[in-house]
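# Summary of structural features
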Amino acid sequence: MIRVLENEFYYLDNFQRVLDWIGERYGDLLDDGEHAFLAAFPALPRNARALFVRMVMRKGQLFRASKLNYAEIGCPVDAARHLLGTGWIEADPEMSLDELFDLLSKPELADAFGARLQRKTARKEEQLEALRPVCPDAQRFSSWHPACPDVAWRILVKPLCDRLRLVFFGNLHQGWTDFVLSDLGLFRYETVDISSASRGFRKRADVDHYLQLYACRERFAAGEDVDEVVRDLPRHAFDNDWLESRREKLTFQIGQHYEKLKNWDGAYAAYAACRFPGARGRAIRVLEKHERFEQAHALLLEAQSAPENEAERQHLARIAPRLARRLGHARLPARGKTPVERIELCLAPPNGERWVEGAVRGHLSTDAAPVFYVENALANTLFGLLCWRAVFAAIPGAFFHPFHRGPADLHSADFHTRRQHEFAACLAELDDGSYRDSIRRTYHEKAGLQSPFVHWDGMPLDVIELALACIPPAHLRKWCERILADVKENRNGFPDLIQFWPGEGRYLMIEVKGPGDRLQDNQLRWIDYCAAHGMPVSVCYLQWAEVSQLAASEMAA
């Protein structure tokens, strides 16, 4: 941390950077109180500002002076003196018994409550439970513990600061540590030219809606009665696309919860109220479970006429025959499957470890034809390196602060179309042969930068070089095109292993399944796609030797 600590007030500078950024780009979204805060903060003495930011960046709202010892700030009581007149902090605040227990140690609690604390050796939780009936009312810190020489403060503007952080990042899961991790070089981000017009929130109502959604999501995650959460969940669609996608995702999750409870009406209402991918298919399934077969079939026909993606088409194909039987309809002919090579292996667990992919890799790999465990990493990395400049194109609204791992609209339906020319230029390099040099150059120039596609740690350059030598550019194009067709769904599901024959310039993708395993839907879609486009792919079914031998002996008996 030497580089950060060379500037003892790095955290203060980062906080001011956020305020300046918000003031320049989001002034129209702020109310009078927020404007006043942005204007007043820089005018305070540095030690007071630093103490305030330390409070903001720590958990909770209550602090003791003795716990805020920072060499660069000096005496916290002196620093706090300049903050008391702002209304941002309160000295000697009222606090509940529970809050007091969070501030004091067990010995301090023994001093504060004396004889009222009957079991001084009990755990703090037990002491708190025993004192609650005796001390139901809040008191000032000095009243709770008059003999304590320490000073306590309550920060009153945490919500304001959280709102400003939200405006800057566009979410509440990122925070002040992002600055530190970037300063340390642990997380490094691509530099994108972010115009002043590029904003996550376009109006103040967007921020209010986000906070409303966030509160509902936190309550839902905490296990609050789902009906109460639904009552407060915004029903109307937002005119901010990425914010609307968050609302629909939460609605979908609520539908899943109702489904687990077998509350079919609640589940259907949730699924029918959102356009989140998969919601329509789940709605059909819920109607089927509720034995509303005619309604389910009508929705099935509607979905079949315009499937939202390959995943829904696959899901509908599974439901349709079942619904047809329920309704007495003629049985439809099953769609023929593209034939895929099948490998059968019976191996002893290496060193007693039952990692099926590792066992198959070790068995098949040779010096002339090495095998690597790549799963989704290789295809995504090649795509991310080839299309780096398209992914990080300065599209309006895609990047609105310096700490984006990827564009904000990565999973939007129009992600590709908004960058159609940029992606076309990248994929054209597969036709003229320049893609190899482009991928190598990007690998070296961007090494370690955050990316939603490139797996820096899990995909060494030697494997990338083998891929460039053995995978035809036409196949790479098909991989890229499918990822772009649906980034969220198609970034996953690639086969586990890949085998290269560098002397022959060819490769084979291998999906591994152990005893009792079956192919998942996204794996089936990728295998079907690869086989349909002439890309070599196989499924390896592995049995452990002792299991097979036991089964054989039982059959013989």
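In short, a report on the structure. These numbers were taken from a predicted model, which means no experiment stands behind them.

Here we take up the overall build of the protein chain. Scanning the protein chain from N- to C-terminus turns up 28 helices and ten strands. Across its three principal axes, the protein chain shows a C-alpha extent of roughly 80 × 55 × 55 Å. Counting over 557 residues, the protein chain shows a buried share of 48%. Carbon and sulfur atoms form 51% of the exposed surface of the protein chain, whose accessible area is close to 27800 Å².

A few words now on the packing of aromatic side chains. Summed over the entire model, instances satisfying the criterion amount to 41 aromatic pairs. On the numbers, 5.5 Å between centres and 90 degrees between planes, the contact of Tyr189 with Phe403 is edge-to-face. Taken together, the positions of Tyr189 in the loop between helix 11 (177–183) and helix 12 (204–221) and Phe403 in the loop between helix 21 (388–391) and helix 22 (420–432) put the pair 214 residues apart, joining distant regions of the chain. For the residue pair Tyr189 and Phe403, the accessibility class agrees, reading buried in each case. Taken together through their ring pairs, the aromatic side chains of Phe15, Trp21, Phe37, Phe41, Phe52, Trp88, Phe168, Phe169, Trp176, Phe179, Tyr189 and Phe403 make up a single cluster.

So, about the nonpolar core. Counting residues in each nonpolar core, the largest one holds 144 residues, and the members touching the most others are Phe15, Phe37, Phe52, Trp479 and Phe500. Every residue in contact with Phe500, bar those within four places of it in the chain, is listed here: Ala368, Ala369, Pro370, Phe372, Leu378, Val463, Leu466, Ala467, Cys470, Ile471, Arg506 and Tyr507. Counting residues in hydrophobic clusters, the runner-up holds 19 residues, among them Leu103, Leu117, Leu128 and Cys148.

So, about the sheet that holds strand 6 (residues 341–347). Pairing within the open sheet is mixed, and its five strands lie in the order 6-10-9-8-7. In this open sheet, the two edge strands, each paired with only one partner strand, are strand 6 and strand 7 (371–373). Here the strands of the sheet are splayed against their neighbours by 30 degrees on average, with no regard to which way each runs. One ladder, built from five bridges, connects strand 9 (residues 506–513) with strand 10 (residues 537–544); its direction is parallel. Counted as the bridge partner of Glu511 is Val539 from strand 10.

With that settled, the discussion passes to the sheet that holds strand 1 (residues 62–64). Reading across the sheet, the three strands line up as 1-5-2 and stay open at both edges, with antiparallel pairing between neighbours. Edge positions in the sheet fall to strand 1 and strand 2 (89–91), since each of these pairs with one other strand and no more. On average, each strand axis in the sheet is inclined to that of its neighbour by 25 degrees, with strand direction left out of account. Of the pairings in the sheet, the one linking strand 1 to strand 5 (residues 152–155) comprises three bridges and is antiparallel in character. Within strand 5, the residue paired with Arg64 across the bridge is Ala152.

Time to look at the packing of helix 18 (residues 310–327) against helix 27 (residues 521–532). Look at helix 18 against helix 27: their axes get within 10 Å of each other, and the N-to-C directions meet at 105 degrees. Considering their axes alone, helix 18 and helix 27 lie roughly perpendicular with respect to each other. For the pair formed by helix 18 and helix 27, the contact residues are Glu310, Ala311, Gln314 and Arg318 on the first element and Asp521, Leu524 and Arg525 on the second. Each residue belonging to the contact of helix 18 with helix 27 can be placed in one class, and the counts come to two nonpolar, one polar and four charged.

What follows deals with the environment of Leu345. Locating Leu345 in the fold gives a position in strand 6. Given a relative accessible area of 14%, Leu345 falls into the buried group. In this structure, the C-alpha to C-alpha distance between Leu345 and Ala545, residues 200 residues apart in sequence, is 9.1 Å.

It is generally the case that most residues other than glycine have a negative phi and that most peptide bonds are trans. At Lys262, a residue that is not glycine, the phi angle is positive and equals roughly 60 degrees. Looking at the element boundaries, Lys262 is found in the loop between helix 14 (241–260) and helix 15 (264–272). Judged by its relative accessible area of 60%, Lys262 falls in the exposed class. Phi at Glu375 takes a positive value of approximately 45 degrees, unusual for a residue other than glycine. For Glu375, the location among the structural elements is in the loop between strand 7 and helix 20 (377–386).

Here the focus is helix 22. For helix 22, with 13 residues, the first-to-last C-alpha span of 19 Å sits near the 18 Å given by 1.5 Å per residue. If you follow the buried residues of helix 22, they end up packed against helix 20, helix 21, helix 23 (435–445) and helix 25 (473–485). Remark: Gly433 follows helix 22 within two positions and exhibits a positive phi of approximately 85 degrees.

For the rest of this paragraph, the subject is the side chain of His297. As for its position among the elements, His297 is in helix 17 (residues 293–305). Its relative accessible area of 16% is what places His297 among the buried residues. Sequence-distant contacts of His297, that is, excluding residues within four places in its chain, are made with Leu323, Leu327 and His329.

So, about the state of the cysteines. Counting across every chain of the model gives zero disulfides. Counting only cysteine sulfurs, Cys148 is the nearest neighbor of Cys135, a cysteine outside any disulfide, at a range of 17 Å. Note on Cys346: no disulfide assigned, nearest cysteine sulfur contributed by Cys540 at a separation of 11 Å. Residue Cys346 is classed as partly exposed on the basis of its relative accessible area of 43%.

Conventions adopted
- Sequence order sets the numbering: in each chain, residues are counted from 1 along the sequence as written.
- Where totals are concerned, whole chains, interfaces and linings use all residues; where local detail is concerned, this predicted model gives features only for residues with pLDDT of at least 70, and gives and counts side-chain atom pairs only at 80 or more.
- Excluding hydrogens and water, the side-chain values take into account all heavy atoms of the structure.
- Here a helix means four or more residues in a row that DSSP labels H or I, a strand means two or more in a row labelled E, and each is numbered from the N terminus.
- Exposed residues in this analysis have more than 50% of their type's maximum accessible area, buried residues have under 20%, and partly exposed residues fall in between, with area computed by a 1.4 Å probe over protein chains only.
- Here the accessible surface of atoms and residues is derived via Shrake-Rupley with a 1.4 Å probe, and residues count as covered only by protein chains that are part of the display.
- Stacked, tilted and edge-to-face are the three classes applied to pairs of Phe, Tyr and Trp rings, where Trp contributes its six-membered ring and a pair requires centres within 6.5 Å; stacked means planes under 30 degrees apart, edge-to-face means over 60, and tilted covers the rest.
- In plain words, nonpolar cores are sets of buried Ala, Val, Leu, Ile, Met, Phe, Trp, Tyr and Cys residues tied together by side-chain atoms within 4.5 Å.
- In this description, contact between two residues means that some pair of their heavy atoms is separated by no more than 4.5 Å.
- One requirement defines pairing of two strands: DSSP has to find at least two bridges between them.
- Lines are fitted to the C-alpha atoms to define the axes, a helix being fitted only along its stretch in contact, and any angle between axes, read from their N-to-C directions, falls within 0 to 180 degrees.
- For classification purposes, angles smaller than 35 degrees are called roughly parallel, those larger than 145 roughly antiparallel, those between 65 and 115 roughly perpendicular, and all remaining angles oblique.
- Under the scheme applied, nonpolar residues are Ala, Val, Leu, Ile, Met, Phe, Trp, Tyr, Cys and Pro; charged residues are Asp, Glu, Lys and Arg; polar residues are all the others, including Gly.
- The span expected for a helix works out to 1.5 Å for each residue beyond the first.
- In this description, the term disulfide denotes a pair of cysteine sulfurs within 2.5 Å.

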